[in-house]
Amino acid sequence: MVITRFAPSPTGFLHIGGLRTALFSYLWAKHNGGKFILRIEDTDQSRNNEDAAKAIIEAFRWLGLSHDGEIEYQSKRTDIYKRYIQKLLNEGKAYYCYMSKDELVSLKDEQISRKERPRYDGRYRDFNGMPPPGVEPVVRIKAPTNGTITVHDGIKGDVVFNVDDILDDFIIARSDGTPTYNFVVAIDDALMGINEVIRGDDHLSNTPKQIIIYDALGLKIPNFYHVPMIHNQNGKKLSKRDGATDVMEYKKEGYLPQALLNFLVRLGWSHGDQEIFTIQEMIEMFNPKDINKSASIYNTEKLDWLNAHYIKNMPNEHLKHLLEDYGIILTSNDKTEILLDTLKERAKTLQELAWQIKDILTQPTYENEKAFKKAFKGDAVDILTAFSNTLKSAPKPHLPVDFHIVMQSIVDEQGIGFGKLGQPLRMALLGKLSGPGLDSVMAVIGVDETINRISSAVSYAAQNDYA
RNA sequence: GGCUCCAUCAUCUAAUGGUUAGGAUUCAAGGUUUUCAUCCUUGCCAUAGGGGUUCAAAUCCCCUUGGAGUCACCA
């Protein structure tokens, strides 16, 4: 069984880069009928933050990504780590190091001044004398001192590290007894049966250390897939400082989970020329071997396009429900259909859609003088008045076509172009010169409100002598 | 600086060693629309540079250049 995981450290919100690796891991697990585990890496109490874990879970819920089993918290597994540290100690594969932090610092300074790579010199590796008093020791692992370590990576291929270039006897337990990152990651991945590790390639250089842990404990090394970073516009690793990287920010702005997921799955991964994927298709088609090797730049132009696409194709009933979060409560069913049918073609986000709905549903102000004058030049008032009178006398129009017929009759009667009526009417109804189809607008607000808005506009024109 | 990774349009990407280097987004133009948007059509735009290997290189090899990641008692 394939078991993957997403293992964030809870230092803040879930960001775009994390979400993408989570998505890849999720898809690969589901593709194989396996499990996707969520593990919170909170070993460092000083940076721990419960709210952050909640934020991640909330984001997952919004996106419909579900993890299997209970959420694992590393902070609750300290006994396990202690046991494995003790095991390594007992077997002579790890040892206490009594070097103080000051000593370590001065050693590093010396090495740097000699232009050597800073590294621990192994002075306590075979120590069995009296420990110096007053020093709480750290635990270091006996790492190999020569040879190479090869990471077999499903994306990058075999990556060979020369031990002498990168390693020393690194710390696996701090002087307060708490284990360090590379140690717990290896332990947890192994104990949780995770056999496919998909993570950012900023972890590639950690991997040899983790392999040493696996080897020391005789644990099975998983398959690794190191996914290239997502870069910001400056070409640097996307970080929380970059703005617009909080996943939940996209919810607020009115992006759909489907659109965000579709956008992210195509960042670094592709399946031929296909751009639009349902979740099912993603699960069917995703394979980490198709992840490309180079970093991509985060650019949301395509996200807007995808979001508009999904809004356009969303059933009105569903849209109506989602709009409630933006303060739009729609009651009348037939009018909701007309309203959403016409507006969902023109919105990039739910938020925009909500604004556009408000624009239609509220009486406009005519504060854009320039536009108003433009719309009302010539005999606009007469035309509007004629239109208004016809509306009053005609059998009550309901549907957009009914209103269209009335508009057509005025245009024919007066021998004018559609624009002669349309421009001032649009200004009267919406207070601007662009916007959705007028027949739909009138069908939504109804005959009475249409007549009201026309008369407001006409009297406004008279007051200001625009006519 | 050491180590490691990466390099196709502005952006996301496709291309068993053989394609006029394809698609998508953006942008531009035209059509549709009373307007704007949608939609449709068309267009612009790329194999970082230099050497090899080969009948043939975006693709394989080397060098250069450029970019990124990482080097903690952080994760």
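Please refer to the structure higher up on the page.
Residues numbered from 1 in each chain as written. Chains lettered and ligands numbered in written order. Predicted model: local features only at pLDDT ≥ 70, side-chain atom pairs only at ≥ 80, totals over all residues. Heavy atoms only, no water.

Trainee: Looking at this structure, I do not really get the protein's contact with RNA strand B. What am I missing?
Mentor: Inspection of the region around RNA strand B gives 58 residues, with R174, K236, K237, G268 and R346 positioned closest. Close to the protein, within 4 Å, the atoms of RNA strand B belong to sugar or phosphate groups at a rate of 71%. Between a sugar or linking oxygen of RNA strand B and a main-chain N or O atom of E41, the distance comes to 3.2 Å. A distance of 3.3 Å is found between a phosphate oxygen of RNA strand B and a backbone nitrogen or oxygen belonging to Y181. (Near = heavy atom within 4 Å. Polar contact = N/O pair within 3.5 Å; in protein donor to acceptor, adjacent residues only side chain to side chain.)

Trainee: When you look at helix 2 (residues 50-63) in this model, what are you seeing that I'm missing?
Mentor: Within an α-helix, residues lying three or four positions from one another point in the same direction, as the helix has 3.6 residues per turn. For helix 2, spanning 14 residues, the distance from its first C-alpha to its last is 20 Å, which sits close to the expected 20 Å at 1.5 Å a residue. Listed as buried for helix 2 are A52, A53, I56, I57, A59, F60, W62 and L63. Where helix 2 is buried, its residues meet strand 1 (3-6), helix 1 (16-31), strand 2 (35-40), strand 3 (72-73), helix 8 (247-252) and helix 9 (257-265). At the C-terminal side of helix 2, G64 shows a positive phi close to 80 degrees. (Helix = DSSP H or I, 4+ residues; strand = E, 2+ residues; numbered from the N terminus. Expected span 1.5 Å × (residues − 1). Buried < 20%, exposed > 50% of the residue type's maximum accessible area, 1.4 Å probe, protein only. Contact = heavy atoms within 4.5 Å.)

Trainee: What exactly am I supposed to notice about the sheet that holds strand 1 here?
Mentor: In space, the three strands of this open sheet follow the order 1-2-3, with parallel pairing throughout. Two strands lie at the open edges of the sheet, namely strand 1 and strand 3, each paired on one side alone. As defined by bridge partners, strand 2 adjoins strand 3 across two bridges and the pair is classed as parallel. Residue pairing in the sheet places I40 in a bridge with Y73 of strand 3. (Pairing = 2+ DSSP bridges.)

Trainee: Looking at this structure, I do not really get the pairing of strand 5 (residues 138-141). What am I missing?
Mentor: Every other side chain in a regular strand lies on the same face of the sheet, so the side chains alternate between the two faces. Of the two faces of strand 5, the one lined by V138 and R140 and the one lined by V139 and I141 are each fully buried. Pairing geometry for strand 5 and strand 8 (residues 171-173), over two bridges, is antiparallel. Note on strand 8: the bridge partner recorded for R140 is I171.

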